Amino acid sequence: MYGDCYPDMETYLFYILAAVAVIGTILAITEKHPVHAIVYLVSSFFSLATIFFLLAAPLIAMFEVIIYAGAVMVLFMFVIMMLDLGRTDEAGRPVLKQWLLPILLGGIILASIGVIAAGYASAPSAPGAITVRDFALTLFRKYGVAVEIISMQLLFAVVGALYLGRRRTP
Amino acid sequence: MKILSDIAALVTGMWITWKHIFRRPVTIQYPEEKRTPYPRYRARIVLTRDPDGGERCVACQLCSGACPVDCITMQSAEDKDGRRYAEWFRINFSRCIFCGFCAEACPTLAIQMTPDFEICKRDIMDLVYEKEDLLIDGCGKSPDYNYYRHAGIGVTQPRGSGAEEKPPVDVRGLLP
Amino acid sequence: MIYDPIDIALLLGKIALVFFVILTLAAYLVFAERKVLAWIQDRKGPNRVGPFGLLQPLADLIKLLTKEDFRPIGADKWLFYLAPAMAAIPAIMIFAIVPFGAPLTLFGHTVQLQVSDLNVGLLLFMALSSVAVYGVALGGWASNSKYALLGSIRGLAQLISYELSMGLSLVPVVMLARSFRLSDIVNAQAGCWFIVYQPLAFMIFLISIAAECKRIPFDLPEAEGELVAGFHTEYSGMRFGLFFVGEYINIIVLGGLATTFFLGGWHGPFLPPAVWFSAKVLAFAFLFIWVRGTLPRLRYDQLMHFGWKILTPLALVNILVTGWWLVLRG
């Protein structure tokens, strides 16, 4: 290693990926066409996943791709293709009144990032890559109850979907 | 169990295709390997001659009338001895569908189908066959048929001496 | 982290080798498929270009490269141009995690015959195969053609449905090997292949990968009898070629993964490990071609019914049974 003061390849990679993620997300917000927005968002997810990988959390990186890029966004696209959305190009820009709440929330997030960055001393030394075993133990031992509750909630959703989708007998 | 019979059906199908992998292919490798078509195969049309060497065609237009795609045209003419012939005779093989109606319609068996199916040309105009391209030196499928011997008109022989023909009756000799 | 130049050179060599072998094999798989299908149908197959037609893939390549690159009016330009790459690249990338031979020793370095031995290899496979959907979906959507759109919608629905059963059928493998790392999974099968313990999971995985690479009987996204050519109807030239080759790369890669997960990877007696691995992969490729020569295409509702109501519950039950078996065995 060259020492801590010189940025190494991973730092450069981080900055490139972070730029891709931010630009991708901004384009996803401003793009009017939903399918293009999805493509931008997916590329942003990919760079996020790679950032997680660089941060020695490969499991999170893979889940990011499988769940968000591979399942959620695909379902979005499926719905967009199945539904006739009409002329999406003609959707009007939001007026100032609709901008107020997003600006407020964005301000809060930016302020909190600023506060954290101001109090930034040094990154806690990473204890090495998080293995699948550690992840599984934390999830199912430490937070086992929460996992169970969430799975119950998913079960409710499944039952609800079955109820809505059942064939009505007249 | 339905699922067992379904699996059996799948396996049967797979077994049949497996056996076919090792079977001799039925393909004929065309340009190298040609098979002889049957004599009555309907391909290139020819105009035949009678056993005496004269043209059979009498330019009656029946073939051109029977043709569903109108690919046959001709101009009829007549010799000094009363024998009709085609001044020119033209078949456009780029339109011909080789249905054989012309050969069936022909009263003199002049127009006939041959098994020669390889008539590809680079230029489509080369597929328009004129009389000299169509006419062959032979009798084709009925070697001893001569229309004028049966027709009852005095072209190749005096009237009354043709086949299955009685001499002409002198109508005046029938008077009472 | 200090990088040894020899290590880097070996890594680049492995990547080049994998690219070369996979692309050549994919081209010759097209040839093999045409040959075997011809034999099944009592024909001879391509035999004109070169001895026994062996140069046919080259002729196809030249034909595809010199064809007009056509873009329909109203097509979404960038997505139309990007989609073939989106379909082909994940397929090649998956092969990075497949171990194709026993570790070698070269220049005093131990070389894993595997481009990258990730500790989340199996999850990377799931991630990339779920991303491969985008090529199909965006290609069909960007073509601005109703056949292509119908094909891509079918492809989306089919790939999402069968990915689920594919992932669930791999859970017992992970439970037996106790690792997501593919080299660990292969080494866990040194004694006994997992197909012996998990025949049901193997069948589910086999059916799911047939659906994943859009082969008959699951070729609904490109059903030529109904949708002209499905999602790649409007593509021509090498863009079509990328979709086409991507499909065959997918067959090789998924065959390699099925070998790794269930047939013991490169383990086998007498022959060298790499030979065993390629023999197993080619056996899978032959199986796919054979099935294509035999079975008819499923109907769309049959496909969905089979995926959601039969394969997925079966895979869940299989996980449960395997879990109990592992607990009771201790």
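Before going further, it helps to examine the interface of chain A and chain C. Contacts between chain A and chain C engage 26 residues on the former and 27 residues on the latter. Between chain A and chain C, a total of about 2200 Å² is buried, with carbon and sulfur atoms accounting for 81% of that surface. Taken together, the links from chain A to chain C amount to 0 salt bridges. Summed over the shared surface of chain A and chain C, the result is 2 residue pairs in polar contact (both at pLDDT 80 or more). Secondary-structure elements contributing two or more residues to the side of chain A that touches chain C are α2 (34–54), α3 (58–82) and α5 (132–142) of chain A. Looking at the side of chain A that touches chain C element by element, the count peaks at 15 residues for α3 of chain A.

Enumeration over the complete set of coordinates arrives at 18 salt bridges over all chains. Salt-bridge contacts for R48 of chain C lead to E32 of chain B; the nearest nitrogen and oxygen are separated by 3.1 Å. Highlighted residues: R48 of chain C in the loop between α1 (5–40) and α2 (56–66) and E32 of chain B in the loop between α1 (2–21) and β1 (45–47), drawn from two different chains. Connected via shared salt-bridge partners are R154, D219, E226 and R297 of chain C.

On to the arrangement of the chains. Between chains A and C lies the most contact-rich interface of the 2 pairs of chains that touch. Separated in space, chain A and chain B share no contact, their closest pair of C-alpha atoms being 26 Å apart.

Within the element layout of this structure, H36 of chain A appears in helix α2. The contacts of H36 of chain A, once residues within four sequence positions are left out, are E31 of chain A together with D76, L79 and W141 of chain C.

Right, let's get into the interface of chain B and chain C. Reports often express the size of an interface as the amount of accessible area lost when the parts come together. Of the residues lining the interface, 14 residues belong to chain B; the matching set on chain C comes to 15 residues. Of the roughly 1300 Å² buried between chain B and chain C on both sides combined, carbon and sulfur atoms contribute 63%. Linking chain B with chain C are 1 salt bridge. Taken together, chain B and chain C are joined by 9 residue pairs in polar contact (both at pLDDT 80 or more). Here the residues of the side of chain B that touches chain C sort into 7 nonpolar, 5 polar and 2 charged.

Conventions used here
Residues numbered from 1 in each chain as written. Chains lettered and ligands numbered in written order. Predicted model: local features only at pLDDT ≥ 70, side-chain atom pairs only at ≥ 80, totals over all residues. Heavy atoms only, no water. Contact = heavy atoms within 4.5 Å. Buried area = accessible area lost by both parts, 1.4 Å probe. Salt bridge = Lys/Arg side-chain N within 4 Å of Asp/Glu carboxyl O. Polar contact = N/O pair within 3.5 Å; in protein donor to acceptor, adjacent residues only side chain to side chain. Helix = DSSP H or I, 4+ residues; strand = E, 2+ residues; numbered from the N terminus. Nonpolar A, V, L, I, M, F, W, Y, C, P; charged D, E, K, R; others polar.

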